[in-house]
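Residues per chain are reported as follows:
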Amino acid sequence: MIALKTAALVVAAAQMGAVVAGAPQEDCKALDDMGIELGLAFQIQDDYLDTYGTPEILGKAIGDDIAEAKKTFLAINALNDAGAATRRALLATFADRKLPLSHKMGRVKTIYDSLDIPEITRNIIAEHLARAAQLLDGLSMQEGNKAPYMELIKTLENRNK
């Protein structure tokens, strides 16, 4: 879903620039791949911040993904990594429409923390950004033209809102 949503948008933006600039086919392919990596990193980070961010820093409420039981990177990995009892508890928490969001968030985060989901998620984000930087490095464009892309990668590395 992420690849068809956020990553597709980033790929389209990169491709438009490449086409307008008359970039070689190899660069177009690398920009496609880089767009996928950036889009995946952005969306996984967005999911992470919806659970582990703070409303004060984000400037918006958090917990929508948990409230709606969305199949985020965090939820999918937790369900895959959890034992049967923990999986049942997580699914029951997601399904409980009467449970106040603050309690639901607390239960889900406790499960995520016990499965090391925050660390796994941060590592995956870093891997996607590292691959994007590597792809950028391999482009034949002038270094000055790479700078905005590198700035975007650095911004995503430090993103907390």
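This is a predicted model, so every value here is computed, not measured.

This paragraph deals with the environment of Ser102. Relative to the helices and strands, Ser102 resides in helix H7 (residues 101-114). In this structure Ser102 comes out as exposed when scored by relative accessible area, which is 54%. With 35 residues separating them in the primary sequence, Ser102 and Ala67 have C-alpha atoms 9.6 Å apart.

The next point concerns the packing of helix H6 (residues 84-95) against H7. Axis angle and axis distance: for two packed helices, these are the angle between their axes and the distance between the axes, and together they describe the pair. Running from N to C, H6 and H7 cross one another at 155 degrees; their axes reach a closest spacing of 10 Å. In terms of orientation, H6 and H7 fall into the roughly antiparallel class. For H6 against H7, the interelement crossing comes out left-handed. Two secondary-structure elements touch here, H6 through Thr86, Ala89, Leu90, Thr93 and Phe94 and H7 through Lys104, Arg107, Val108, Ile111 and Tyr112. Residues of the contact of H6 with H7, tallied by class, amount to six nonpolar, two polar and two charged.

One pass over the structure, following the stated rule, counts eight salt bridges. Linking Arg131 and Glu37 is a salt bridge whose minimum nitrogen-to-oxygen distance equals 3.2 Å. Of this pair, Arg131 sits in helix H8 (residues 117-137) while Glu37 is found in helix H2 (residues 25-52), placing the two residues 94 residues apart along the sequence. Overall, Arg131 belongs to the partly exposed group, its relative accessible area being 34%. Glu157 is the salt-bridge partner of Lys154, the closest N and O atoms lying 3.6 Å from each other.

Running from amino to carboxyl end, helix H5 (residues 73-81) crosses H8 at an angle of 125 degrees, the nearest separation of the two axes being 10 Å. The angle between H5 and H8 places the two elements in the oblique class. Like other packed secondary-structure pairs, H5 and H8 cross with a definite hand, here right-handed. Residues Phe73, Leu74, Asn77, Ala78 and Asp81 of H5 touch H8, and the partners they reach there are Ile117, Ile120, Thr121 and Ile124. Taken together, the residues of the contact of H5 with H8 break down into six nonpolar, two polar and one charged.

Our next topic: H8. Along its 21 residues, H8 runs 30 Å from first to last C-alpha, staying within 8% of the 30 Å computed at 1.5 Å per residue. When H8 is considered as a whole, its buried residues turn out to be Ile117, Pro118, Thr121, Ile125, His128, Leu129, Ala132 and Leu136. Along the long axis of H8, the arc covered by the buried residues comes to 110 degrees, so they all point the same way. Exposed residues lying more than 90 degrees from the buried face of H8 are Gln134 and Asp137. On the buried face of H8, the contacting elements are H2, H5, H7 and helix H9 (143-157).

Another aspect to go through is the nonpolar core. Counting residues in each nonpolar core, the largest one holds 18 residues, and the members touching the most others are Leu90, Phe94 and Tyr112. Broken down by secondary-structure element, the contributors of at least two residues to this core are H2, H5, H6 and H7. Considering each element in turn, this core owes the most residues, four residues, to H7. Every residue in contact with Tyr112, bar those within four places of it in the chain, is listed here: Thr51, Tyr52, Thr72, Leu74, Ala75, Ala78, Leu90, Phe94, Ile117 and Pro118. Listed in part, the 17 residues of the second largest apolar core include Ala14, Ala18, Ala30 and Phe73.

Rules used throughout
Residue numbers restart at each chain and count upward from 1, following the sequence in its written direction. The predicted nature of this model means local features are confined to residues of pLDDT at least 70 and side-chain atom pairs, given and counted, to a pLDDT of 80 or more, with totals for whole chains, interfaces and linings taken over all residues. Side-chain calculation: all heavy atoms of the structure are included, whereas hydrogens and water are not. Per the convention used, a helix needs a DSSP run of H or I reaching at least four residues, while a strand needs a run of E reaching at least two, with both numbered from the N terminus. Buried means the residue's accessible area, taken with a 1.4 Å probe over protein chains only, is under 20% of the maximum for its type, while exposed means over 50%, and partly exposed covers the values in between. Interaxial angles span 0 to 180 degrees and are taken between N-to-C directions of axes, which are lines fitted to C-alpha atoms, for helices over the stretch in contact. Angle categories are assigned with fixed cut-offs, so that under 35 degrees is roughly parallel, over 145 is roughly antiparallel, 65 to 115 is roughly perpendicular, and the rest are oblique. Each helix crossing is assigned a hand: it is left-handed if the near helix lies turned anticlockwise from the far helix by less than a right angle, otherwise right-handed if that turn is clockwise. The contact criterion used throughout is that any non-hydrogen atoms of two residues lie within 4.5 Å. Any residue that is not Ala, Val, Leu, Ile, Met, Phe, Trp, Tyr, Cys, Pro, Asp, Glu, Lys or Arg is counted as polar, Gly included; the first ten are nonpolar and the last four charged. Should a side-chain nitrogen of Lys or Arg be within 4 Å of a carboxyl oxygen of Asp or Glu, the pair is scored as a salt bridge. How far a helix is expected to stretch is found by multiplying one less than its residue total by 1.5 Å. Of all possible arcs, the one meant is that of the directions from the helix axis to the C-beta atoms. Joining through side-chain atoms within 4.5 Å is the link that ties buried Ala, Val, Leu, Ile, Met, Phe, Trp, Tyr and Cys residues into a set, and such a set is a nonpolar core.

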